[in-house]
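In case you want the letters, here they are:
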Amino acid sequence: MFRRILAGALALAVPFAAANVQAQEKVLKAVMHADVRVIDPVWTTQTIANIHGALVYDTLFGNDGNQKPQPQMVGKYEISPDRLTYTFTLRDGLKFHDGSPVTTKDVIASLKRWGAKDGVGQRLMGFVTKMEPVDDKTFTMVLREPYGMVLESLGKSQSSIAAIMREKDALTDPQQQVKEAVGSGPYMFAKDQWVPGSKAVYLKNKDYVPRTEAPSSFAGAKIPGVDRIELVWISDPQTTMSALINGEIDFYEQPTNDFLPLLEKARGVKLMKTGKIDSTQGMIRLNHLHPPFDNVKARQAMYYLINQEDFLRTIVGDPKFYRVCKGLLTCGGPYENNGGSELMKEYNPKKALQLLKEAGYKGEPITVLAATDHATITPATQVLIQAMREAGINVDAQSMDWGSVVTRRAKKEPPSQGGWNIFVTTSGGVGSSNPVLHTWIGAACEKGLFGWPCDPEVEKLRNAFGMAATEEERQKIAKDLQTRAMEQVVFLPFGQWDTPIAFRGDKIDNVVPNTGLAVLWGITKK
Amino acid sequence: MTSYIVRRLFATLPVMAVVALFVFFLLRFAPGDPAAIIAGDDATAESIAAVRAKLGLDRPMVEQFVVWVGQLLQGDMGVSIFSNLAVTRLIAQRLEPTVALTLSTLFVAVALAIPIGVVAAWKARKLVDRLAMAFAVLGFAMPTFVLAYILIYFFAVQWQLLPVQGYSPIREGFWPFVESLILPSVALGITYMALIARITRASMLEVLAQDYIRTANSKGLATDRVLLLHALKNAAVPIVTVIGIGIALLISGVVITETVFNIPGLGRLTVDAVLKRDYPVVQGLILVFAGAKVLVNLIIDISYAFLDPRIRY
């Protein structure tokens with residue numbers, strides 16, 4: 001009765017409703033893991049900026065579902081017999097959203113900017129001696145020595161993608177954000193409708209000429225499936241779940257693990273496991289600059305505090321969404337191996353303390369940067385702190401929001417002067433599956449990532465991987481690299497987990513698993 | 001009266017200056033660095049430093065302050081570090097949802113609270129009074145987010161009568177606009193209703209004990225006339241004050257309600273900006289909030305003169 005009365009009351013109000021001009025459009029409403037605040041995928045490595053980038057910009061190559069690079073903007077390409085000269089020819093019909101044609105000038109300027117900013121790009125550009133246009137559609141890239149990761153780097157689909165921009169945008173200082181997001185991708189960014197912190201809108205690029213091959217992740221035909229994509233930002237996971245169940249949104253990129261049982265039962269909602277290797281890898285980073293972890297023995301002692309099941313049960317809960325992985329390269333990925341895994345044999349807090357003492361630890365406080373507002377890092381840090389306390393380590397847990405952790409971890413000072421000893425973070429499985437793309441496995445000393453592991457052998461092996469000519473060679477180097485990196489403890493892995501995509505199976509089709517970044521352009525409405 | 005208003009408006013200038021000073025330096029002293037957030041997870045310390053330099057955050061703090069104040073004096077609140085959009089645009093985008101939510105919440109709160117408070121005072125210490133006050137206490141004690149989730153569960157998920165979340169601007173249709181505000185207004189309005197009802201009751205009780213009310217009753221005036229015309233008007237000053245405080249609080253953001261119902265208002269903009277250390281946005285917002293509070297207080301003070309002829313400025 002109540003429902004009828006209320007429905008009647010609502011019906012009375014209907015005549016006041018104005019016509020909704022968007023009703024006729026096919027609109028995909030997607031809630032991603034974060035909201036679009038930055039529109040330059042090169043300026044930041046934020047994943048959400050790159051999801052935006054992958055809609056708006058195109059790339060020369062795109063990785064397919066098996067993570068193999070396939071031509072995307074490139075029509076044909078040649079590699080010289082000495083593997084030093086790459087000649088790329090752009091395919092026909094490439095146009096920016098402002099109508100101007102994509103030329104090699106745009107491409108070269110874009111690659112230079114990306115190569116100055118992105119870690120993988122910097123590595124590639126370290127091998128490049130020159131890039132020159134032959135004409136408007138063809139250009140050459142000349143290397144000083146053979147590098148086996150050229151195409152993989154140009155097609156990478158995590159952190160900063162090698163987005164091709166207009167030359168005038170690409171000439172922007174890499175340390176500054178471009179002002180306009182004008183690409184040549186399948187969707188156009190509607191800047192006038194952008195409400196940072198709420199909604200980013202993308203309109204179908206009607207002039208986009210897709211490739212003829214079947215779509216496969218970032219490769220093949222990119223056929224815009226709807227007229228309009230709205231990346232709606234809902235910060236509350238419970239509200240997002242309710243909105244999906246109620247049919248107000250179509251796609252929920254990363255539902256909270258706690259809600260998965262409810263979503264599995266909800267009518268019309270489907271869950272899709274993310275791509276084969278697009279899991280998340282948990283990492284504990286030690287600071288190699290200061291005692292006790294400037295001593296390799298102290299670092300190795302920490303392996304005895306890692307029971308991956310403890311971490312994974314706390315973060316994820318349901319075993320079908322996690323896996324124990326005692327390696328540094330993504331388990332399930334092409335370079336998964338067991339090199340160095342024997343170091344993570346057992347959980348033994350007493351042994352950990354004993355080894356720490358042998359390494360010179362005398363009970364000084366160990367500063368742990370404890371994020372308080374992160375869905376996975378916060379509980380993982382608490383598990384680590386508990387294990388350390390169980391071992392009798394003097395833990396100085398400094399609680400702060402994630403924004404403060406990312407600031408503090410950049411400090412190289414000793415912990416007593418505002419520095420740190422340990423922080424916990426995560427890495428995407430696609431990037432972590434490849435020794436060159438996996439920047440956290442590096443040990444480039446002070447030029448490396450926070451924690452600053454320093455080992456020339458690790459760096460030598462990473463370079464060797466990049467220059468390897470055959471797959472067999474790569475497999476062998478990957479194992480040697482992981483063995484060495486685990487001995488040096490570049491980081492402590494605490495397992496891998498999946499976050500399935502949740503979507504309205506009764507409303508949308510052609511949802512594909514993530515491969516580093518969400519692939520949204522091919523989704524269609526029923 | 002005019003000279004009073006002018007004096008009060010001029011008095012806001014030093015208030016705003018102090019707010020500007022405090023907010024600027026407090027933000028800079030707080031931990032966190034927008035450059036580190038922008039640079040992302042895979043950034044090196046060097047690339048963070050480069051971003052910081054480009055944003056001008058490596059300059060001396062006083063120099064940054066002078067630049068910001070200089071911009072402010074020209075009406076420029078700066079540009080968001082992240083989105084590169086003008087702070088004024090970001091605030092303007094969020095103003096409509098916040099104002100709409102504020103007004104609809106007050107409508108719900110006042111429409112319920114005044115009758116409840118008046119009836120409770122009229123039937124003081126009787127069952128109706130106790131029930132009304134129990135309802136008010138419950139409304140005040142229940143956390144907004146709990147009520148919000150309950151409302152969402154029944155009205156949106158189970159009965160599918162109203163949307164779970166979102167805000168629909170009035171230009172996109174009147175009904176979608178109203179629809180998007182019903183649940184958040186009720187969830188938030190119940191708390192304010194409880195507060196206003198209790199103040200109304202207390203104030204009415206005081207007035208109802210006055211001699212002139214006894215006179216009005218004894219000369220045979222109808223109860224509703226005594227309550228609404230004679231008593232309520234004279235009990236209005238504290239009620240208006242508490243409503244005014246409510247307006248000021250609502251304008252400066254009701255983060256929980258905005259978050260649960262996904263309303264893109266000023267409250268969420270503030271929290272997001274603080275978490276991202278988007279200094280120009282936080283600075284601009286705090287100034288707007290301070291200005292709004294000063295203005296609301298001024299309006300309340302002026303309204304006293306109309307409600308109580310004894311008050312003159």
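Scroll up a little and you will see the structure.
Conventions used here
Residues numbered from 1 in each chain as written. Chains lettered and ligands numbered in written order. Predicted model: local features only at pLDDT ≥ 70, side-chain atom pairs only at ≥ 80, totals over all residues. Heavy atoms only, no water. Contact = heavy atoms within 4.5 Å. Salt bridge = Lys/Arg side-chain N within 4 Å of Asp/Glu carboxyl O. Polar contact = N/O pair within 3.5 Å; in protein donor to acceptor, adjacent residues only side chain to side chain. Helix = DSSP H or I, 4+ residues; strand = E, 2+ residues; numbered from the N terminus. Nonpolar A, V, L, I, M, F, W, Y, C, P; charged D, E, K, R; others polar. Buried < 20%, exposed > 50% of the residue type's maximum accessible area, 1.4 Å probe, protein only. Phe/Tyr/Trp six-rings, centres within 6.5 Å; stacked < 30°, edge-to-face > 60°. Lys NZ or Arg CZ within 6 Å of the ring centre and 35° of its normal. Axes fitted to C-alpha atoms, helices over the stretch in contact; angles between N-to-C directions. Left-handed = near helix turned anticlockwise from the far one by under 90°. Pairing = 2+ DSSP bridges. Expected span 1.5 Å × (residues − 1). Arc of directions from axis to C-beta. Disulfide = S-S within 2.5 Å. Parallel < 35°, antiparallel > 145°, perpendicular 65-115°, else oblique. Right-handed = clockwise from strand over helix to strand, strands pointing away.

*Asks:* What is the right way to read the interface of chain B and chain A from this model?
*Replies:* Think of interface size as the accessible area that goes away when the parts come together; that is how it is often given. Taken together, the contact pairs 54 residues of chain B with 60 residues of chain A. Counting across the interface, chain B meets chain A through 3 salt bridges. Close ionic contact of D173 of chain A with K54 of chain B constitutes a salt bridge, the shortest N to O distance being 2.9 Å. Linking chain B with chain A are 17 residue pairs in polar contact (both at pLDDT 80 or more), by the criterion used here. Of all the elements in the fold, those that place two or more residues in the side of chain B that touches chain A are α2 (34-39), α3 (45-55), α5 (87-122), α7 (144-158), α8 (174-208), α12 (255-260) and α13 (266-276) of chain B. Element by element, the count of residues in the side of chain B that touches chain A is highest for α3 of chain B, at 7 residues. Class assignment for the residues of the side of chain B that touches chain A results in 30 nonpolar, 12 polar and 12 charged.

*Asks:* Any chance you could explain the side chain of N63 of chain A here in plain terms?
*Replies:* Residue and element names in this part refer to chain A. Along the polypeptide, N63 turns up in strand β2 (residues 61-63). Since its relative accessible area comes to 3%, N63 is described here as buried. Separated by 3.2 Å, the side chain of N63 and the backbone oxygen of G155 make a polar contact. Aside from chain neighbours lying at most four places away, what touches N63 is K68, P69, E152, G155, K156, S157, S216, S217, F218 and A219.

*Asks:* Looking at this structure, I do not really get the packing of aromatic side chains. What am I missing?
*Replies:* Where two aromatic rings form a pair, the distance of their centres and the angle of their planes describe that pair. For the coordinates displayed, the defined rule picks out 29 aromatic pairs over all chains. Plain terms: the ring middles of F155 of chain B and W159 of chain B are 5.3 Å apart, the flat faces sit at 80° to each other, and that makes the pair edge-to-face. Classification of F155 of chain B by relative accessible area gives buried; the value is 18%. Exposure remark for W159 of chain B: the relative accessible area of 27% places this residue in the partly exposed category. By the ring-pair criterion, three or more aromatic residues cluster together here, those being F61, Y77, Y86, F88 and F139 of chain A. Above the face of the W521 of chain A ring, K222 of chain A is positioned so that its terminal group lies 4.9 Å from the ring centre. Here the basic side chain of K123 of chain B rests over the ring of W122 of chain B, its NZ or CZ set 4.1 Å away from the ring centre.

*Asks:* What am I meant to see in the packing of helix α10 (residues 308-315) of chain A against helix α12 (residues 377-391) of chain A here?
*Replies:* When two helices pack together, their arrangement is given by the angle between the helix axes and the distance between those axes. Residue and element names in this part refer to chain A. Two elements in contact, α10 and α12, have axes whose closest approach is 9 Å; the angle formed by their N-to-C orientations is 145°. Handedness of the α10/α12 crossing: right-handed. Between α10 and α12, the contacting residues are D310, F311, T314 and I315 on the first element and P379, A380, V383 and L384 on the second. When its residues are assigned to classes, the contact of α10 with α12 shows 6 nonpolar, 1 polar and 1 charged.

*Asks:* Help me understand the sheet that holds strand β9 (residues 199-204) of chain A in this model?
*Replies:* Residue and element names in this part refer to chain A. Taken in spatial order, the 7 strands line up as β8-β9-β10-β1-β11-β19-β12 in an open sheet, and their pairing is mixed. A strand with exactly one partner marks an edge of an open sheet, and here the two such strands are β8 (187-189) and β12 (269-272). Bridge count for β9 against strand β10 (residues 228-232) is 5 bridges, and the pairing is antiparallel. Looking across to β10, one finds that K199 is bridged to V232. Against the sheet, helix α2 (residues 47-56) touches β8, β9 and β10, its axis set at about 125° to β8.

*Asks:* I would appreciate a short explanation of helix α15 (residues 456-467) of chain A in the present structure.
*Replies:* Structural remark: α-helix, 3.6 residues per turn; residues separated by three or four positions point the same way. Residue and element names in this part refer to chain A. Compared with the 16 Å implied by 1.5 Å per residue over 12 residues, the 16 Å span of α15 between its first and last C-alpha is a close match. Among the residues making up α15, those that are buried are V458, E459, L461, R462, F465 and G466. Seen from one end, α15 has its buried residues packed into an arc of 160°, which puts them on one side. Seen from the buried face of α15, the exposed residues on the opposite side, beyond 90 degrees, are P456 and K460. Where α15 is buried, its residues touch α4 (119-125) and α16 (471-488).

*Asks:* For this particular structure, what's the right way to read the state of the cysteines?
*Replies:* One way to say it: the disulfide is the covalent bond shared by the sulfur atoms of two cysteines. All names here are of chain A. Here the structure, examined in full by the defined rule, presents 2 disulfides over all chains. Disulfide pairing places C325 opposite C331 at an S-S distance of 2.0 Å. Since a negative S-S torsion denotes a left-handed disulfide, the C325-C331 link at about 80° is right-handed. Each member of the pair, C325 together with C331, is buried. Residue C445 pairs covalently with C454 via a disulfide, S to S 2.0 Å. Given an S-S torsion of about 70°, the disulfide between C445 and C454 has right-handed geometry.

*Asks:* Which parts of the structure should I look at to understand the sheet that holds strand β6 (residues 128-133) of chain A?
*Replies:* In sheet architecture, strand pairing relies on hydrogen bonds along the backbone and comes in two forms, parallel and antiparallel. All names here are of chain A. Spatially, the 4 strands line up as an open sheet ordered β4-β5-β7-β6, and their pairing is antiparallel. Each edge of the open sheet carries a strand with a single partner, namely β4 (74-79) and β6. Between one strand axis and the next, the sheet turns by 15° as a mean value, whatever way the strands run. Pairing between β4 and strand β5 (residues 85-90): 5 bridges, direction antiparallel. Residue pairing across strands places E78 opposite T87, the latter belonging to β5.

*Asks:* Before we go on, may I ask you to explain the pattern of salt bridges in this structure?
*Replies:* Side chains that differ in charge, positive against negative, can pair when their charged atoms come close. For the structure on display, the rule yields 40 salt bridges over all chains. Taking the shortest distance from any N to any O, the salt bridge between R323 of chain A and E336 of chain A comes out at 4.0 Å. Within this pair, whereas R323 of chain A is found in strand β14 (residues 322-323), its partner E336 of chain A is found in the loop between β14 and α11 (349-358), the two being separated by 13 residues in sequence. A relative accessible area of 37% places R323 of chain A in the partly exposed class. Accessibility expressed as a relative area gives 37% for E336 of chain A, which makes it partly exposed. The closest approach of N and O atoms between D211 of chain B and R214 of chain B, which form a salt bridge, is 3.2 Å. Note that D211 of chain B and R214 of chain B are positioned in helix α9 (residues 211-218) at a spacing of 3 residues, about one turn of the helix. Via salt bridges that share partners, K29, R228 and E230 of chain A belong to a single interconnected network.

*Asks:* Sorry if this is basic, but what is going on with helix α6 (residues 127-141) of chain B here?
*Replies:* All names here are of chain B. Over its 15 residues, α6 extends 21 Å from the first C-alpha to the last, a length consistent with the 21 Å expected when each residue adds 1.5 Å. When α6 is considered as a whole, its buried residues turn out to be D129, A132, M133, A136 and G139. One side of α6 holds all its buried residues, which, seen down the axis, span an arc of 120°. Facing away from the buried side of α6, by more than 90 degrees, are the exposed residues L127, R130, L131, L138 and A141. Against α5 and α8 lie the buried residues of α6.

*Asks:* Explain the packing of α5 of chain B against helix α14 (residues 279-307) of chain B to me, please; I cannot follow it from the model alone.
*Replies:* All names here are of chain B. Where α5 meets α14, the closest approach of the two axes is 9 Å, and the angle between their N-to-C directions is 55°. One element, α5, and the other, α14, form an angle in the oblique class. With respect to the hand of their crossing, α5 and α14 are arranged in right-handed fashion. On the side of α5, the interface is formed by V87, L90 and I91, while α14 contributes P280, V281, G284, L285 and V288. Across the contact of α5 with α14, the residue classes break down as 7 nonpolar, 1 polar and no charged.

*Asks:* What is the right way to look at the pairing of strand β16 (residues 395-400) of chain A in this model?
*Replies:* As a general feature of sheets, a regular strand has side chains that alternate between the two faces. Residue and element names in this part refer to chain A. Bridge count for strand β15 (residues 366-371) against β16 is 6 bridges, and the pairing is parallel. Note on β16: the bridge partner recorded for T367 is D396. The parallel pair β15 and β16, bridged by α12, forms a crossover whose chirality is right-handed.

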